[in-house]
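Letter by letter, the chains look like this.
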Amino acid sequence: MGKSGCGKTTLLNLILGLEKPDSGTIQGNKEPMAAVFQKDRLCRNLTVQANIRLVNKGLSDEKIRELLRAVDLEDAWDKKAGELSGGMCRRTAIARALAADRNSILMDEPLTGLDPDTRSQVLNTIKKYTRGKTLIFVTHEKQDALSLGADKILEM
C-alpha cells in the first residue's frame, strides 16, 4: 500500500523481471508467476474464454466456466474482450491470472472500478483460488488486504 507514484507498480515489475533495478538485486523464487496488471493487457480481438486459455491451454471448458461464474462473467464466454466494459475487463484479467495455476500471483490494484457487491464477490474468489499460494496484492484499500487475510501489510 502507498500513495500514488510511490513505486508500487515499479516494485511488481521488478519482481516479475519486466524492469531491471537501478541498483541492488531481486532475490527469491524464479518460478513463473501470474499477474494482474494495472492495465488489463487482454487480447481485445479474443473472446473471454480464449484470453483465459492463453495462460492454461489444458484448462477444461468446465473449469473456465466455474471461474467465470465465480467472477460473475458466465454470460461473457464468447464476447470479445474489446466489447467488454471496464469492470468486465478487470474481472477477465483476474480470472486469467487465477487460471494460470501458478504458486505466486501478483495483482496491481485489481479491484479498481468494481462496484461494492462485485468487489466483495471477486475478493472472495481471489481468496479461494489463491489459498496456499503467495499473493502480492497492491491496493489503496486496507480492508481489501484484511479481507484476504493478509499476513503482512507493507506500506510504502
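Basis of the calculations
- Residues numbered from 1 in each chain as written.
- Predicted model: local features only at pLDDT ≥ 70, side-chain atom pairs only at ≥ 80, totals over all residues.
- Heavy atoms only, no water.
- Pairing = 2+ DSSP bridges.
- Helix = DSSP H or I, 4+ residues; strand = E, 2+ residues; numbered from the N terminus.
- Right-handed = clockwise from strand over helix to strand, strands pointing away.
- Phe/Tyr/Trp six-rings, centres within 6.5 Å; stacked < 30°, edge-to-face > 60°.
- Lys NZ or Arg CZ within 6 Å of the ring centre and 35° of its normal.
- Axes fitted to C-alpha atoms, helices over the stretch in contact; angles between N-to-C directions.
- Contact = heavy atoms within 4.5 Å.
- Core = buried A, V, L, I, M, F, W, Y, C linked by side-chain atoms within 4.5 Å.
- Buried < 20%, exposed > 50% of the residue type's maximum accessible area, 1.4 Å probe, protein only.
- Patch = residues over 30% accessible without salt bridge, like charges linked within 9 Å, V, L, I, M, F, W, Y side chains within 5 Å.
- Areas by Shrake-Rupley, 256 points an atom, 1.4 Å probe, with all protein chains shown as cover.
- Salt bridge = Lys/Arg side-chain N within 4 Å of Asp/Glu carboxyl O.
- Lys, Arg positive; Asp, Glu negative; His and termini not counted.
- Charge placed at Lys NZ, Arg CZ, Asp CG, Glu CD.
- Parallel < 35°, antiparallel > 145°, perpendicular 65-115°, else oblique.
- Nonpolar A, V, L, I, M, F, W, Y, C, P; charged D, E, K, R; others polar.

Asker: Which residues make up the pairing of strand S3 (residues 134-138), and what are the values?
Answerer: Pairing analysis gives five bridges linking strand S2 (residues 104-108) to S3, with the strands arranged parallel. Residue pairing for S3: Met-107 is matched across the bridge by Phe-137. This β-α-β element, S2 to helix H5 (residues 116-129) to S3, shows right-handed connectivity.

Asker: So what's going on with the packing of aromatic side chains? Which residues, and what values?
Answerer: Under the definition given, this model contains zero aromatic pairs. Lying over the aromatic face of Phe-37, Arg-41 brings its terminal NZ or CZ to 3.9 Å of the ring centre.

Asker: I'd like to hear about the sheet that holds S3, residue by residue, with values.
Answerer: Overall, parallel pairing links the three strands, which are arranged S1-S2-S3 in an open sheet. Sheet topology places strand S1 (34-36) and S3 at the edges, where each strand pairs with a single neighbour. Each neighbouring strand pair of the sheet contributes to a mean axis angle of 10°, computed without reference to strand direction. Of the strand pairs in this sheet, S1 and S2 are connected by three bridges, and their pairing is parallel. The partner of Ala-35 across the bridge, within S2, is Leu-106. Helix-sheet contacts for helix H1 (residues 8-16) involve S1, S2 and S3, and the interaxial angle to S2 is about 155°.

Asker: Which residues make up the nonpolar core, and what are the values?
Answerer: Judged by nonpolar contacts, the single largest core of 35 residues is most densely connected at Ile-52, Ile-94, Leu-98, Met-107, Leu-111 and Ile-126. Those elements that provide at least two residues to this core are S1, helix H2 (48-53), helix H3 (61-70), helix H4 (86-99), S2 and H5. Element by element, the count of residues in this core is highest for H4, at eight residues. The residues contacting Ile-94, other than those within four sequence positions of it, are Val-36, Met-107, Pro-110, Leu-111, Val-122 and Ile-126.

Asker: Would you mind going over a positive patch on the surface in detail, with residue names and values included?
Answerer: Where like charges cluster on the molecular surface, the positive patch consists of Lys-63, Lys-127, Lys-128 and Arg-131. Structurally, Lys-128 can be placed in helix H5.

Asker: Requested: an account of the packing of H4 against H5, with residues and values cited.
Answerer: Viewed as axis vectors pointing N to C, H4 and H5 meet at an angle of 10°, and their least axial separation amounts to 11 Å. Here H4 is positioned roughly parallel relative to H5, judged by the angle of their axes. Every residue of H5 that contacts H4 at Arg-91, Ile-94 and Leu-98 is listed here: Thr-118, Val-122, Thr-125, Ile-126 and Tyr-129. Partitioned by chemical class, the residues of the contact of H4 with H5 number five nonpolar, two polar and one charged.

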